[in-house]
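Per-entry structural report
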Amino acid sequence: LPPDVFNYVSRCFPRDISQYIATNFQTQANLDHLLAASTIAEFQDRIDNASGVGFPGLHPAGHMVLGPTGADAFSSPQEPAFFLHNSMIDKVWTEWQRQGRGEERIYGDNALFGTLTTLNIPPSDNATLESEIGWGSIEQPAPIKKFMAVGRGDLCYRY
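Reading the values: the criteria
- Residues numbered from 1 in each chain as written.
- Predicted model: local features only at pLDDT ≥ 70, side-chain atom pairs only at ≥ 80, totals over all residues.
- Heavy atoms only, no water.
- Phe/Tyr/Trp six-rings, centres within 6.5 Å; stacked < 30°, edge-to-face > 60°.
- Buried < 20%, exposed > 50% of the residue type's maximum accessible area, 1.4 Å probe, protein only.
- Lys NZ or Arg CZ within 6 Å of the ring centre and 35° of its normal.
- Helix = DSSP H or I, 4+ residues; strand = E, 2+ residues; numbered from the N terminus.

**Section: the packing of aromatic side chains**
Under the defined criterion, the tally for this structure stands at 6 aromatic pairs. Pairing Tyr157 with Tyr159 gives two aromatic rings, centres 5.6 Å apart and planes at 80°, and the pair type is edge-to-face. Judged by its relative accessible area of 33%, Tyr157 falls in the partly exposed class. Grouped by ring-pair contacts, the aromatic residues Tyr20, Phe25 and Phe55 constitute a single cluster. Across from the ring centre of Trp96, 4.0 Å away, lies the NZ or CZ of Arg105, which sits over that ring.

Structure, rendered in structure tokens:
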């Protein structure tokens with residue numbers, strides 16, 4: 001990341017819905033390709049495409065549809081559609097989990113892949129179901145396994 005990435009930048013929040021991204025990247029074919037992933041590593045690669053080569057992935061493309069504010073990792077939570085988009089990403093992940101055998105994609109060996117930090121910046125341990133997520137002042141830290149299954153425990157909602 002550039003050294004000034006966390007510097008304050010004053011700006012207005014423009015809305016500029018991109019029809020091109022919406023019609024060319026947010027497609028049923030790309031969703032089907034994502035849901036056909038057999039491992040969590042494939043799923044993550046297809047949904048985010050961290051390599052940056054080719055199709056941007058349904059997650060970043062959804063942010064890009066919203067225009068400059070949605071595509072900016074630091075300002076996107078101020079765009080109201082951010083929460084709708086990320087809820088949809090959660091729904092797609094839940095659908096992918098349900099396609100697995102038993103609970104392998106929820107609590108098994110095919111549930112997690114990668115480190116505890118985005119793109120491993122800064123370097124961190126690999127995520128496990130016992131790894132804790134910190135919530136700052138809004139909630140006590142909790143293990144990842146608490147958030148792995150929609151409709152169970154505190155995640156009392158269904159898609």
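**Remarks on unusual backbone geometry**
Here the bond from Ile121 into Pro122 is cis, since omega is -10°, no more than 30 degrees from zero. Among the structural elements, Pro122 can be located in the loop between α6 (81-98) and β1 (132-133). You will see that Leu119, though not glycine, has its phi angle at about 55°, which is positive. Note on placement: Leu119 falls in the loop between α6 and β1. Owing to a relative accessible area of 61%, Leu119 belongs among the exposed residues under this scheme. At Asn120, a position not held by glycine, the phi torsion is positive, near 60°. Counting through the fold element by element, Asn120 comes out in the loop between α6 and β1.

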